[in-house]
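# Residue-level structure breakdown
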Amino acid sequence: MDYKKAGVDIEAGYKSVELMKAHVKETMRAEVLGGLGGFSGAFDMSAIKKMDNPVLLSGTDGVGTKIKLAFLLDRHDTVGIDCVAMCVNDVACAGGEPLFFLDYIACGRNEPEKIATIVKGVAEGCKMAGCALIGGETAEHPGLMPVDEYDLAGFSVGVADKKDLITGENIKPGDTLVAIKSSGVHSNGFSLVRKVFTMTREALDTYYDCLGGTLGETLITPTRIYVKALKSVKDTGVKVKGCSHITGGGFYENIPRMLPDGINAKINKDSYEIPPIFKMLAKDGNIDEQMMYNTFNMGVGMVLAVDPADADKTVEAINAAGEQAFIIGETIAGDKGVTL
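The structure reproduced in this document is the subject of the present report. (Residues numbered from 1 in each chain as written. Predicted model: local features only at pLDDT ≥ 70, side-chain atom pairs only at ≥ 80, totals over all residues. Heavy atoms only, no water.)

Moving on, we come to the packing of helix 8 (residues 227-235) against helix 12 (residues 311-320). Relative orientation of the contacting elements helix 8 and helix 12 amounts to 135 degrees, with a least axis distance of 8 Å. In terms of orientation, helix 8 lies oblique with respect to helix 12. Of the two elements, helix 8 crosses helix 12, and the hand of that crossing is right-handed. Taking contact as the criterion, the partners of Ala 229, Ser 232 and Val 233 in helix 8 are, on helix 12, Thr 314, Ala 317 and Ile 318. (Axes fitted to C-alpha atoms, helices over the stretch in contact; angles between N-to-C directions. Helix = DSSP H or I, 4+ residues; strand = E, 2+ residues; numbered from the N terminus. Parallel < 35°, antiparallel > 145°, perpendicular 65-115°, else oblique. Left-handed = near helix turned anticlockwise from the far one by under 90°. Contact = heavy atoms within 4.5 Å.)

In this structure the tally under the stated criterion is 20 salt bridges. Here Asp 52 ties to Lys 163 by a salt bridge, and the two come within 3.6 Å at their closest N and O atoms. With a gap of 111 residues between them, Asp 52 in the loop between strand 2 (42-43) and strand 3 (54-62) and Lys 163 in the loop between strand 6 (150-161) and strand 7 (176-181) connect regions that are remote in the sequence. With a shortest N-O distance of 3.1 Å, Asp 82 and Lys 66 are connected by a salt bridge. Of this pair, Asp 82 sits in helix 3 (residues 79-93) while Lys 66 sits in helix 2 (residues 66-73), and the two are 16 residues apart along the sequence. The same class applies to Asp 82 and to Lys 66, which are both buried. Overlapping salt bridges bring together Lys 172, Asp 175, Lys 241 and Asp 307 as one network. (Salt bridge = Lys/Arg side-chain N within 4 Å of Asp/Glu carboxyl O. Buried < 20%, exposed > 50% of the residue type's maximum accessible area, 1.4 Å probe, protein only.)

This part is about the sheet that holds strand 4 (residues 97-107). The strand order across the open sheet built from 4 strands is 3-6-4-5, with neighbouring strands paired in mixed fashion. At either margin of the open sheet sits one strand with a lone partner, and together these are strand 3 and strand 5 (132-140). Across the sheet, the mean angle from the axis of one strand to that of its neighbour is 15 degrees, orientation sign disregarded. Pairing between strand 4 and strand 5: 8 bridges, direction parallel. In the sheet register, Ile 105 faces strand 5, and the bridge partner there is Thr 138. (Pairing = 2+ DSSP bridges.)

One finds Phe 197, Leu 219, Phe 251 and Ile 255 to be the most contacted residues of the largest nonpolar core, which totals 90 residues. Per-element accounting of this core gives the leading share, 9 residues, to helix 3. With near-sequence residues (within four places) excluded, Phe 251 lies in contact with Ile 246, Pro 256, Ile 267, Tyr 272, Tyr 293, Phe 296, Asn 297, Met 298, Val 300, Ile 328, Val 338 and Leu 340. Membership of the second largest hydrophobic core comes to 8 residues, among which are Val 32, Leu 99, Ala 132 and Val 157. (Core = buried A, V, L, I, M, F, W, Y, C linked by side-chain atoms within 4.5 Å.)

Attention now goes to unusual backbone geometry. A positive phi angle, near 50 degrees, is found at Asp 74, a position not held by glycine. Looking at where Asp 74 falls in the secondary structure, it is placed in the loop between helix 2 and helix 3. On the basis of relative accessible area, Asp 74 is assigned to the exposed category, the value being 55%. Of note, the phi angle at His 186 is positive, near 60 degrees, even though the residue is not glycine. Topologically, His 186 is positioned in the loop between strand 7 and helix 5 (190-196).

Right, let's get into the packing of aromatic side chains. Under the criterion given, the structure shown has 5 aromatic pairs. Taking the centre distance of 5.2 Å and the plane angle of 45 degrees together, the rings of Phe 43 and Phe 100 count as tilted. Residue Phe 43 is located in strand 2, and its partner Phe 100 is located in strand 4; the two are separated by 57 residues in the primary sequence. Residue Phe 43 is classed as buried on the basis of its relative accessible area, which comes to 13%. Their ring planes at 80 degrees and their centres at 5.1 Å tell us that Phe 71 and Tyr 150 sit as a pair that is edge-to-face. In this pair, Phe 71 sits in helix 2 while Tyr 150 sits in strand 6, placing the two residues 79 residues apart along the sequence. (Phe/Tyr/Trp six-rings, centres within 6.5 Å; stacked < 30°, edge-to-face > 60°.)

The strand order across the open sheet formed by 6 strands is 10-12-7-13-11-14, and the pairing between neighbours is mixed. The outermost strands of the open sheet, each flanked by one partner alone, are strand 10 (242-245) and strand 14 (337-339). Mean inter-strand twist for the sheet, computed between neighbouring axes without regard to direction, equals 25 degrees. Of the pairings in the sheet, the one linking strand 10 to strand 12 (residues 300-306) comprises 4 bridges and is antiparallel in character. The partner of Ser 244 across the bridge, within strand 12, is Val 303.

Okay, here's the thing in structure tokens:
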């Protein structure tokens, strides 16, 4: 008996590392010390000495049951982007610059080419966010997970000068709410998505004119990474008062997280075109409006609160960074929460 016969292939692990090295190398920043394969990742923090009061920010998350879609489509090159996005968007949402990222892949059986493809997506996400992929772990779990399945999670660390933190504490009635468009469902609500749509390869490969592609292509589209858009706003000199990353819990759970007591977010749901995938979900699943806005991002990946005088400048800065922004509403006096 040996480890391989017990279900863990050490040689496959070595091959995975070799295959992913080229992707990881593309994410390197000058601050990264050492190479891939050590017991820990090292990152030189001397640059933060230039800040008056540096604060470290962190975010950790996974891709959730969207992974099931990747299995069905046998498409593993985008879920890594989702994983990075879920973490770095949270860091950026607080005013931070993501510095580095680590991933964790648990699998039933280590298939080096598949693992390398997953990590390629993680590296792509890191490049979009401007952070370095400085380490990770691939754990083979025979007997615990099916041999053809895996799970993916990540962890990001960023930094901000304390004076630049986005806390929401200065939001007042009359501030403008600026939305940044999502790329679709992103990585939340897939437990409901999988109940609404038939999860077979045939159904996922069906083309819909309203979607401009197949159902599977639409659903697998990775989460947008908003790090550069928020940096673009900051570089214009605009002070973002509050910022919400619209993830699980949709509008109703996430927008209030940036609001102080006594402030209500009044959202004009007719201020933008809701993407067709959400209309399909509501119709095919017979899901009422409140549940839709309490589960999905409804076409909005992030909401910013800014002074009305800065609203147009904020929209222009976000658009200049390659995203799409629009004014979605305003803050009013009232119970902390959201009014559609």
